[in-house]
Amino acid sequence: MREQLEFQFHEASLEEICKLEILTRAFRSVKRNKGAPGIDDKTIKEYDNNLQEELEELRQEVLNWTYKPTPVKRIEIPKPDGKGVRLLGIPIVKDRILHMAIKMVIEPIIDPTFSDNSYGFRPNRNQRQAVESAQRIVQSGKEHVVDIDLSKFFDRINHDKLIHNLQTYIKDKRILRLIGMILRSGIMSAEGLTVPRKGSVQGSPLSPLLSNVVLDELDKELEKRDLEFCRYADDCNIFVKTPRAAERVLKSLKKFIEKKLKLKVNDKKSKTAKSDKVKFLGMTIVKGTIAISKKAIQVAMEMVKELTPRGTHLPIEKTMKTINEWYQGWATYFKMTQYPSQLRKIEAHIRRRLRARFVRQQKKRRHLFNKLKKLGVNKSLAKKTAYSGYKTWAMSHTRGVEKAYSVKDFIEKFGQKIFSDKELEHWFRIEKWVKLT
């Protein structure tokens with residue numbers, strides 16, 4: 001215990017943050033994460049050109065208290081569901097390096113004190129672990145979920161309360177003062193400069209850690225009440241055995257969150273329901289198994305539609321490259337499902353959208369008839385398909401068109417990326433389907 005306290009005191013000092021070794025490691029991390037320049041338009045590459053001089057200047061500014069954080073650049077990112085935008089703030093490169101250096105020094109001290117039920121933005125923890133933990137709890141018999149949504153969480157973080165909580169871990173008050181300056185650095189938008197009295201800007205390397213410090217108080221309260229839960233950042237699900245218990249927990253936690261944490265619960269999005277009607281990190285627990293949520297599937301289908309627009313003159317290879325770039329990232333995340341049939345559904349939808357494009361490009365029925373024959377469809381089937389009277393979308397799912405543009409063709413000729421054939425250890429058979437509610 002004594003060794004741990006000495007380690008904490010040593011690590012949580014301003015001098016440690018300002019070591020050139022720490023600042024250099026922080027820069028490398030910022031460089032790996034890439035990112036756009038802040039309001040000074042200085043890129044990471046430009047900063048790298050005179051790295052040692054830049055880091056030494058930053059070091060001296062912080063140690064001599066001549067350092068002043070620059071306001072962040074406000075940008076808007078559309079939300080995945082298309083409803084509204086997410087507000088992000090981009091600090092200048094110099095500030096990002098300092099934020100990262102602070103995080104690197106204080107995180108090893110703070111993180112070990114966090115709840116085992118917290119998975120977001122923590123070393124060696126990820127979304128899949130959170131979802132699998134939720135699955136185990138549901139399998140134990142607690143299938144009723146209290147799904148709490150915090151309204152504009154990052155915008156409502158109380159600065160005084162956050163600094164007070166940080167005092168538990170950080171004895172060097174200079175670090176607390178520095179973090180306070182960062183929180184109040186200001187936001188530059190089209191409307192001008194605003195200096196927030198609360199909130200932590202999403203976009204800073206330090207924000208995720210600070211958010212966990214705020215929400216750790218919620219975790220501790222849930223543990224005190226003997227409640228089983230999983231939290232990933234501000235996405236929190238609590239599991240109980242009965243609907244009545246779920247309603248009771250939601251009501252009491254709303255009071256705790258708003259009075260004690262000084263945050264706001266979104267009443268429209270917060271709810272109680274069985275696990276198969278709740279999405280958690282894009283997934284849902286159906287009869288104790290992990291599946292991609294209905295909402296996430298719908299969003300993916302819309303994305304496929306967006307990537308395969310009507311009337312485009314792009315070559316199929318270029319379209320497929322764009323689709324593959326999106327789908328590779330999407331499938332890499334959602335392969336945590338136990339149902340590969342869900343991935344196959346998306347892959348089949350991609351092919352159908354492109355088959356519809358091929359049909360549409362033929363303009364006339366006789367042209368389609370000749371094209372199908374040229375692609376190896378026998379005359380009888382080609383004729384039956386081309387002159388069926390079906391409209392484009394219906395025709396894209398006919399035997400003739402699917403034979404002309406087979407799955408094999410899409411993979412070998414057009415380069416479609418397939419993930420549903422991976423046969424991962426946690427997957428069911430490809431034929432097994434899941435009904436989503």
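Anything mentioned here points back to the structure above.
Residues numbered from 1 in each chain as written. Predicted model: local features only at pLDDT ≥ 70, side-chain atom pairs only at ≥ 80, totals over all residues. Heavy atoms only, no water.

1. Quick word on the side chain of glutamine 338
Here is step 1 of the chain: For glutamine 338, the position within the fold is in the loop between helix 14 (316–334) and helix 15 (340–361).
Here is step 2 of the chain: Within polar-contact distance, the side chain of glutamine 338 engages the backbone nitrogen of isoleucine 290 at 2.8 Å.
Here is step 3 of the chain: Apart from the residues within four sequence positions on either side, glutamine 338 is in contact with Gln135, Gly288, Thr289, Ile290, His426, Trp427 and Phe428. (Helix = DSSP H or I, 4+ residues; strand = E, 2+ residues; numbered from the N terminus. Polar contact = N/O pair within 3.5 Å; in protein donor to acceptor, adjacent residues only side chain to side chain. Contact = heavy atoms within 4.5 Å.)

2. A word on the sheet that holds strand 5 (residues 192–194)
Here is step 1 of the chain: What the four strands build is an open sheet, ordered 2-1-4-5; its pairing is mixed. Two strands lie at the open edges of the sheet, namely strand 2 (85–90) and strand 5, each paired on one side alone. Put simply, the sheet's adjacent strands are angled 40° from each other on average, direction ignored. (Pairing = 2+ DSSP bridges. Axes fitted to C-alpha atoms, helices over the stretch in contact; angles between N-to-C directions.)

3. Brief notes about the pattern of salt bridges
Here is step 1 of the chain: Taken as a whole, this structure holds 23 salt bridges when the rule is applied.
Here is step 2 of the chain: Salt-bridge contacts for aspartate 48 lead to lysine 31; the nearest nitrogen and oxygen are separated by 2.8 Å. A residue pair is termed long-range when its members are at least 10 positions apart, and aspartate 48 in helix 4 (residues 44–49) and lysine 31 in helix 3 (residues 20–33) qualify at 17 residues.
Here is step 3 of the chain: What makes aspartate 48 partly exposed here is its relative accessible area of 25%.
Here is step 4 of the chain: One salt bridge in this structure joins arginine 231 and aspartate 219, with 2.8 Å as the shortest N-O distance. With arginine 231 in strand 6 (residues 228–232) and aspartate 219 in helix 11 (residues 207–224), this residue pair connects regions lying 12 residues apart in the sequence. (Salt bridge = Lys/Arg side-chain N within 4 Å of Asp/Glu carboxyl O. Buried < 20%, exposed > 50% of the residue type's maximum accessible area, 1.4 Å probe, protein only.)

4. Considering the sheet that holds strand 3 (residues 144–149)
Here is step 1 of the chain: One open sheet accounts for four strands, arranged 6-7-3-8; its pairing is antiparallel. Both edges of this open sheet fall to strand 6 and strand 8 (271–274), since each of them pairs with a single strand only. Going from strand to strand, the sheet's axes swing by 20° on average, the running direction of each strand aside.
Here is step 2 of the chain: Pairing of strand 3 with strand 8, which is carried by four bridges, proceeds in the antiparallel orientation. The partner of valine 145 across the bridge, within strand 8, is alanine 273.
Here is step 3 of the chain: Sheet contacts for helix 7 (residues 127–139): strand 6 and strand 7 (235–240); angle to strand 6, the most-contacted strand, approximately 165°.
Here is step 4 of the chain: Set on the sheet, helix 11 makes contact with strand 6 and strand 7; between it and strand 6 the angle comes to about 170°.

5. Section: the packing of aromatic side chains
Here is step 1 of the chain: Applying the stated criterion to the full structure yields 15 aromatic pairs.
Here is step 2 of the chain: Aromatic pair phenylalanine 358 and tyrosine 405: ring centres 4.2 Å apart, planes at 20°, arrangement stacked. Linking phenylalanine 358 in helix 15 with tyrosine 405 in the loop between helix 19 (399–404) and helix 20 (407–412), this pair joins segments that are 47 residues apart in sequence.
Here is step 3 of the chain: Here phenylalanine 358 and phenylalanine 410 contribute two aromatic rings whose centre-to-centre distance is 6.4 Å and whose plane-to-plane angle is 35°, an arrangement assigned as tilted. Of this pair, phenylalanine 358 sits in helix 15 while phenylalanine 410 sits in helix 20, and the two are 52 residues apart along the sequence.
Here is step 4 of the chain: Residue classification places phenylalanine 358 among the buried positions, given a relative accessible area of 9%.
Here is step 5 of the chain: Ring-pair connections join several aromatic residues into one group, and the members of that group are Trp326, Tyr327, Trp330, Tyr333, Phe334 and Phe419.
Here is step 6 of the chain: A cation over an aromatic ring shows up here: arginine 352 above the ring of tryptophan 393, its NZ or CZ 4.0 Å from the ring centre. (Phe/Tyr/Trp six-rings, centres within 6.5 Å; stacked < 30°, edge-to-face > 60°. Lys NZ or Arg CZ within 6 Å of the ring centre and 35° of its normal.)

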